[in-house]
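# Coordinate inspection notes
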Amino acid sequence: GKPKKKPVFKDESRYDLFVKAISTNLQKAEPLLPQTQRMQRIGLLWKEMPVQERLKVILDYKAVMKETGVADRALIDNGPMIEVRGLKRRQGERRISAFNFFVKEMVAQVRLDSPDLEHQECMKRVGEQWKLLSKEQRAGWCFDPPDKKDHKKAKKQKMASNVNEEDRSPPPHSLSP
């Protein structure tokens, strides 16, 4: 039959809040634990923890956030949320890549053409389409350019690494008699 539509949450889901509440403490306790393993542990905690305990963790987290006057802990570190052509990120976070914008639009197109297609196959097709694009075509998908500060910094680094040909001394020649 038809694939089930996932519910769209305008606010964060309970699970999202639970992840935020647990992840900070887990990261402090085990800073070398890779993100994937941290998320797996949080997922197991969610499954194994009784509903009432989960709610207590979420409510405690919300109380701390309300006490500090901040709705989201990430807001403290990375600034306010910004939206660029339908994709969201925090102002201080890494910019959204051209590939992310391409995927967002192309997955929607592939889904329209083939609604019964599995997600993995859909992503495979989108990846193949991306590989076929030229460098110039890929650049056309960059809707989240680097900040001016980043641009100036990159330009300075490039200038420092590119030494003019005139400034280079010619290689020593060995003259044989």
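A brief structural summary. Every chain begins its residue count from 1, and numbering advances along the sequence as written. In keeping with the model being predicted, local features are shown solely for residues with a pLDDT of at least 70 and side-chain atom pairs are shown and tallied solely at 80 or more, while totals for entire chains, interfaces and linings include all residues. Side-chain metrics in this entry use all non-hydrogen atoms of the structure; hydrogen atoms and water are not considered.

Secondary structure elements are defined from DSSP: runs of H or I of at least 4 residues count as helices, runs of E of at least 2 residues count as strands, and each element is numbered from the N terminus. Counting its secondary structure elements, the protein contains eight helices and two strands. In the protein, which comprises 177 residues, the proportion classed as buried is 23%. What makes two residues a contact is simply this: any of their non-hydrogen atoms within 4.5 Å. Contacts spanning at least 24 positions in sequence make up 38% of the contacts within the protein whose residues lie at least 6 apart. Carbon and sulfur atoms form 55% of the exposed surface of the protein, whose accessible area is close to 14900 Å². Three labels apply to residues, based on accessible area from a 1.4 Å probe with only protein chains included: buried if under 20% of the type maximum, exposed if over 50%, partly exposed otherwise in between. Computed with the Shrake-Rupley method and a 1.4 Å probe, the accessible areas treat only the protein chains shown as cover for residues.

Let us now look at the nonpolar core. Counting residues in hydrophobic clusters, the biggest one holds 16 residues, and the most contacted among them are Phe 101, Phe 102, Val 126, Trp 130 and Trp 141. Elements represented by at least two residues in this core include exactly helix H5 (98-113) and helix H6 (119-132). If we skip the residues at most four places from it in the chain, Phe 102 touches Val 126, Gln 129, Trp 130, Leu 133 and Trp 141. If you look at the next biggest cluster of nonpolar residues, it comprises twelve residues, including Phe 18, Leu 26, Leu 33 and Tyr 61. The term nonpolar core refers to a set of buried residues drawn from Ala, Val, Leu, Ile, Met, Phe, Trp, Tyr and Cys, joined through side-chain atoms within 4.5 Å.

Turning our eyes to something else, we now look at helix H3 (residues 51-68). Any helix carries an expected span of 1.5 Å times its number of residues minus one. In this model H3 runs 26 Å from its N-terminal to its C-terminal C-alpha over 18 residues, within 8% of the 26 Å that 1.5 Å per residue would give. Of all the positions in H3, only Arg 54, Ile 58, Tyr 61 and Met 65 are classed as buried. Summarising the axial view, the buried residues of H3 lie within an arc of 60°, below the 170-degree limit, and thus occupy one face. Structural note: H3 exposes Gln 52, Lys 56, Leu 59, Lys 66 and Glu 67 on the side pointing more than 90 degrees away from its buried face. As used here, the arc belongs to the directions running from the helix axis to the C-beta atoms.

Moving on, we come to the pattern of salt bridges. What counts as a salt bridge is simple: a side-chain nitrogen of Lys or Arg found within 4 Å of a carboxyl oxygen of Asp or Glu. In total, this model carries three salt bridges according to the counting rule given. With a shortest N-O distance of 2.9 Å, Lys 56 and Asp 60 are connected by a salt bridge. Of the two residues, Lys 56 and Asp 60 both sit in helix H3, four residues apart, roughly one turn of that helix. Residue classification places Lys 56 among the exposed residues on the basis of a relative accessible area of 52%. Given the relative accessible area of 38%, Asp 60 is considered partly exposed. The residue Arg 125 makes a salt bridge to Glu 121 at a minimum N-O spacing of 3.7 Å. Pair noted here: Arg 125 and Glu 121 are both in helix H6, with a separation of four residues, about one helical turn. Given a relative accessible area of 31%, Glu 121 falls into the partly exposed group.

This part is about the side chain of Arg 38. In this fold, Arg 38 is placed in helix H2 (residues 35-48). Counted as positive: Lys and Arg. Counted as negative: Asp and Glu. His and the chain ends are not counted at all. The buried charged residue Arg 38 lacks any salt bridge, with Glu 30 as its nearest oppositely charged partner at 8.2 Å. The residues contacting Arg 38, other than those within four sequence positions of it, are Ser 23, Leu 26, Gln 27 and Leu 33.

Across its 16 residues, helix H1 (residues 14-29) extends 23 Å between first and last C-alpha, which sits within 8% of the 22 Å expected from 1.5 Å per residue. The quantity called bend is, for any residue, the angle between two axes fitted respectively to the seven residues ending at it and the seven beginning at it. Roughly 25° is the biggest bend found in H1, and it falls at Ser 23. Those residues of H1 that sit buried are Leu 17, Phe 18, Val 19, Ala 21, Ile 22, Ser 23, Thr 24 and Leu 26.

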